[in-house]
Every structure is written in C-alpha cells, then in structure tokens.
Amino acid sequence: MSKAKLTFQSALWNHAGKVLEYLLMYITSIVIARGLGVEENGRFVGLFSLSQLLLVLCSFGLETSLNKFIPQLAAERHDAHAAFILRRAILIRIAAFFGVAMLFYLLVQSFTIPFFSESGKALLFVLAFTGIRSIFPLFVAALTAQFRTALTSRINLVIRIVEIIAVVVLAKFQFTVENLFILFATTSALHVTAYAIFSRMNILTEAERVDMKPIIAFGGMYWVNTIVDFILGRQGDVFFLSNLLPEASQAGLYDVAYSIAQLASLAMTIGLSGVTFATFANLAVTSQETMDKFYSFSIRIISLLTIPALAFLIFNASAVLRVLYSSHYLAAAGLVQGILAFRICSRLFGGPENAEFLLSQGRVGTVVSLGVIAATTNILLNVLLIPKFGGMGSVIASGFGTLLANLLAAFAVYRSSANRMQVFFWLKLTATSLAVAFLISRLIPSEGVVGVIVAGIAFTVLVLVLLVPMKPLTSTDAEWLSRVDGRLGEVLRRFTRIELTATR
C-alpha cells in the first residue's frame, strides 16, 4: 500500500472514530452541564482543568516524542524497537505522575489556596482519575504512529459508550462533582486495561533496546510547549477563571462556549490529529519538497473544513446554545462569537500544522521558544482582563495568545521552506463563508433543533455551490485526495483550478 493511501486511510479511520468519540464526549458534557447547573458545572470544569494541569506536568512530552520517533524506526526491527520505546515511556510516565502528585500534595498541605481548600475531598478523586488517565494516551500515540488508528477508534468508542451510559445512570441517582470523578476514574481504568489487552503486541513483543536519550530529550524540550498549549487552551482559561473570580459561573459559561467552538473545529479535523504529524515526520527524512507541498495542502484542507463551520456558528451561537445547553447558558453566546472570530483570524497563519512541520525537522527549541512568548502574553492578559471583563477577558487573552503563537510559528516555517502565507485563499474562503452565514441567518430562523438543522443544510449547500467557481484546490491537492479513492477524482475536479491541473 502506498504511503499516501496508508496515510489517508489511517486519517479516515482516525477521523471517523474520533468524530464519534468526540460526539459521545460532547453529549456527556451536555448531560453534566444540564445536570449540575451553571454554578456546580463551573466547579466541575475548574477541578477538571486542575486534572489537566497535573496531566501536562507529568506528561514530559512523551506522546509527541513517540509520534515523531516511531514512524522513523528502521522497518526490519520496527516492532521490537517500538515495544521497547512504549514500555520505557509508560514507566517514565508512572514515575513522573507520582512525583507531580507528591509535590501537589505537599503544596496543598503547606499553603492556603482557596480554590483547592473549597474542593475538599474531591482533590483525592481528582488525583486518582488523573493518575489512571495519564497512561492510555501513550498507547494511543504509539498506535497512531504505526498508523493503526482503526484499533484506537474501536477501543475509544466502546469506552465512551460505557461512560455516557454511566453518566446518564448517575444523573438518576447522586449527581455530584465527587461522584463524577469516581466514575471517570473507573472508566479510565477500563480504558487502560483495554489498550493493554488489544495492543499487547507493543507490550509482549520481544523488545530490542533503543537509545532513549534522544526520545527523552525531545519529549523533555517539547514538554514546555505542552505546558504552553495548556495555558493557551481551554483548560488553562478555565483554570484562570476559577482562581481569579469569586464565583464559578464564569468558568462554567466559558467552558460551554469553548465546547461550542470545539464542536465546529474538531468535528471536521479531529481525525487528522497525530496522523499528519506522523506523515510530516516520515517526509522529513525522505523528501523536503513533498513535505513543503504537504504543509500547504494541510493548510488549505483544514481551512476548508473549519472556516465555513466557524462562520455559521458565529451567526447562530444563541440558537445552538439554547438547543444543546438550554436557555440558562445563553449568556455564553458572546463568548462563543469571540472565540470563533479569533479562530478564523488565526487560520490565516495556519495552526497545529506549523508546529508539526517544525517538530518533524527536529526544531523543538523553536516551537518551545515561540510558545513561551505566546503563553506569557496570554497569562499577562488573563491576569489583567479577567477581573474586569470576566469570561470575555479570557476570550481576548487566549485569542491574542493563540493568534501570536500561530503567526510566529508560521514565519518560522516560511524561513526554512518554500511555503508562503496563502492570503488570497484565506480572504476568499472567509469572506464567502461569513457572507453566506449572515444571509442564511436572515432568511432562515434558526429557532429550535429543526431550525438549526435546516439553516445548517442550506448554508452547506450554498457554500459548496460558491466553492465551484472559487476552485480552492490545486491539482496536487486533488491528486493526493484522489489516491484515497479514485471515485473522488470526478467530484474534486469541480473544485480544482484548471490552469494548475497537470496530467501525469
């Protein structure tokens, strides 16, 4: 099987599985938000952000390191070397978690921290959940790097189905923050067990020693960027809101707003996670020219998949909030629109593609340095704006931080490759998407589930019609996508620039 077909089939499995997994997780979050209410949901997401911080602190960048180095292993001893790397990574992760947990316990015992003290015994449940949860991402990273995403998709889906059933059942009895963490610790244990059983080839295969120093060094350097991603992402914002404001409701509203924004972004691109980085890593040692083309291709495809969805939600934020979370969360509409606007602007400079391109070249120091600059900006703006503007202050802080991170990383890519900013492509796609979204919002009332669905269908059809004369794809884009399935060729031809079409 060709590398292109293997990559796209892996991405397809990854996407299908992760979309369904994310949908189940999203439904679970809606059940929790509705069941707990705005205030208690704010407390829950605050504690969950603490768990994510602890996960980041003990991660040591190992998932990214596995995703980079496993695809580059020599084919003849690949399985034996991969098994050795995964086993050592698991041992390092366990040791790191116990170290972080011990430091956290000493911190809580030695200092008076209002947020932690208010949570009481819930902190013990958070630690239990976090420790178990820290293991299975290593299995996922190893299997994704081996392009075995069909297995990860099946396991994750089964666990999420069990999880959502358990949450619904719990909602009928004692629906408390503490009980939710006990439940998630249990399902995480099932998750780890399932991966240990069904990916046992990476555990039981006779291993052959590999020099772990480059892998650990790479992960250790990237670890800083993982902390940066936490600060710039959802959990970092929730953490600041939980600690800088006296009430938990703003954290709850922000978490819901961020969830809506993620619904638009991840639903369309989540399957590319890990797979594109593994592809970049492979191309980095085979063909720089193809790697440059793959970067430009990734920018266009991800923008085509996300910008229209983001534009639609900007003009339908209130309706979607009412349908999914009830009218109690309508105050989050402005936060949703702010987050989406920043994301559309950021797509001009790309996104994760920049970091994946640089990391595949081994330029982890560059990625970390640029990330630290953006994270520092985010922290300063959060501290300055949250006390005055609440959730909107966090939207502005995180938005500017992410925009700065993408801009700096994009220019780092341009300096080391033939790639350039695709301004005209971004302008055409953004202007078209926003104009159509505005028009649909005026012509079709999006009240209720039916109204949102009808508006979404009308928007999608009109955007696709307008993309035909726009022809956003190049001949290379169409050729690569056609390799997944030859039947795509005829469809893609309508969206491909004729003057760039080349016969081979």
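Small disclaimer: the values here were computed from a predicted structure and weren't measured.

For the rest of this paragraph, the subject is the overall build of the protein chain. Within the protein chain, the secondary structure is distributed over 23 helices and 0 strands. Per-residue burial over the protein chain gives 56% buried out of 504 residues. Restricting the contact set of the protein chain to residue pairs at least 6 apart, pairs at least 24 apart contribute 83%. Taken as a whole, the protein chain presents about 21500 Å² of accessible surface, with 69% of it coming from carbon and sulfur.

Quick look at the pattern of salt bridges now. Going through the model one piece at a time under the given rule, you end up with 4 salt bridges. Its salt-bridge partner being Arg-43, residue Glu-40 comes within 3.3 Å of it at the nearest N-O pair. Taken together, the residues Glu-40 and Arg-43, both in helix 1 (residues 3-59) and 3 residues apart, mark about one turn of the helix. Note on Glu-40: relative accessible area 33%, which makes it partly exposed. Between Glu-178 and Arg-43 there is a salt bridge, with the nearest N and O atoms lying 2.6 Å from each other. One end of the pair, Glu-178, is in helix 8 (residues 177-198); the other, Arg-43, is in helix 1, with 135 residues separating them in the sequence. Looking at Glu-178, the relative accessible area reads 16%, which means it is buried.

Turning our attention to the packing of aromatic side chains. Geometrically, a pair of aromatic rings is defined through the distance of the ring centres and the angle of the planes. In this structure the tally under the stated criterion is 19 aromatic pairs. Consider the rings of Phe-97 and Phe-98, whose centres lie 5.9 Å apart with planes at 65 degrees: the pair is edge-to-face. Taking the relative accessible area as the measure of exposure, Phe-97 reaches 10% and is therefore buried. Taken together, the aromatic side chains of Phe-44, Phe-48, Phe-129, Phe-181 and Phe-184 make up a single cluster linked through ring pairs. For Arg-343, the ring lying beneath its charged end belongs to Tyr-258, and the centroid distance is 4.9 Å.

Between its first and last C-alpha atoms helix 14 (residues 288-314) spans 38 Å; for 27 residues at 1.5 Å apiece the expected length is 39 Å, and the two agree. A maximum bend of about 30 degrees is found in helix 14 at Ser-303. Helix 14 sits mainly inside the fold: 21 of its 27 residues count as buried.

Let us now look at the nonpolar core. Grouped together as the largest cluster of nonpolar side chains are 143 residues, with contacts concentrated most on Phe-44 and Tyr-325. In contact with Phe-44, other than residues within four places in its own chain, are Ile-32, Leu-36, Val-177, Leu-180, Phe-181 and Phe-184.

With that settled, consider empty space enclosed by the protein. Scanning the entire structure with this criterion turns up 3 cavities of 30 Å³ or more. Of the residues in the lining of the second largest cavity, the class split is 6 nonpolar, 2 polar and 1 charged.

Let us now look at the side chain of His-81. With respect to the element layout, His-81 can be found in helix 3 (residues 78-110). Beyond its immediate stretch of four places on either side in the chain, His-81 contacts Leu-73, Glu-208, Arg-209 and Val-210.

Attention now moves to the packing of helix 17 (residues 352-360) against helix 18 (residues 364-389). For the pair helix 17 and helix 18, interaxial distance at closest approach is 7 Å and the crossing angle is 145 degrees. Note on element contacts: helix 18 touches helix 17 through Val-364, Thr-366 and Val-367, opposite Ala-355, Leu-358 and Leu-359. Broken down by class, the residue content of the contact of helix 17 with helix 18 amounts to 5 nonpolar, 1 polar and no charged.

What follows covers the packing of helix 5 (residues 122-133) against helix 8. Orientation of helix 5 relative to helix 8, taken along the N-to-C sense of each, is 15 degrees, at an axis distance of 8 Å. Taken together, the axes of helix 5 and helix 8 lie roughly parallel to each other. Taken as a pair, helix 5 and helix 8 cross one another with a handedness that is left-handed. Across from Ala-122, Phe-125, Val-126, Ala-128, Phe-129, Ile-132 and Arg-133 in helix 5, the residues of helix 8 making contact are Glu-178, Phe-181, Ile-182, Phe-184, Ala-185, Ser-188, Ala-189 and Val-192. Considering only residue class, the contact of helix 5 with helix 8 consists of 12 nonpolar, 1 polar and 2 charged.

The rules behind each value
Residues numbered from 1 in each chain as written. Predicted model: local features only at pLDDT ≥ 70, side-chain atom pairs only at ≥ 80, totals over all residues. Heavy atoms only, no water. Helix = DSSP H or I, 4+ residues; strand = E, 2+ residues; numbered from the N terminus. Buried < 20%, exposed > 50% of the residue type's maximum accessible area, 1.4 Å probe, protein only. Contact = heavy atoms within 4.5 Å. Areas by Shrake-Rupley, 256 points an atom, 1.4 Å probe, with all protein chains shown as cover. Salt bridge = Lys/Arg side-chain N within 4 Å of Asp/Glu carboxyl O. Phe/Tyr/Trp six-rings, centres within 6.5 Å; stacked < 30°, edge-to-face > 60°. Lys NZ or Arg CZ within 6 Å of the ring centre and 35° of its normal. Expected span 1.5 Å × (residues − 1). Bend = angle between axes of the 7 residues up to and from the residue. Core = buried A, V, L, I, M, F, W, Y, C linked by side-chain atoms within 4.5 Å. 1 Å grid on protein atoms, 1.4 Å probe; cavity = no way out; pocket = protein on both sides within 12 Å on 5 of 7 lines; lining within 4 Å. Points joined across faces, edges and corners; volume = space filled by probe spheres on them. Nonpolar A, V, L, I, M, F, W, Y, C, P; charged D, E, K, R; others polar. Axes fitted to C-alpha atoms, helices over the stretch in contact; angles between N-to-C directions. Parallel < 35°, antiparallel > 145°, perpendicular 65-115°, else oblique. Left-handed = near helix turned anticlockwise from the far one by under 90°.

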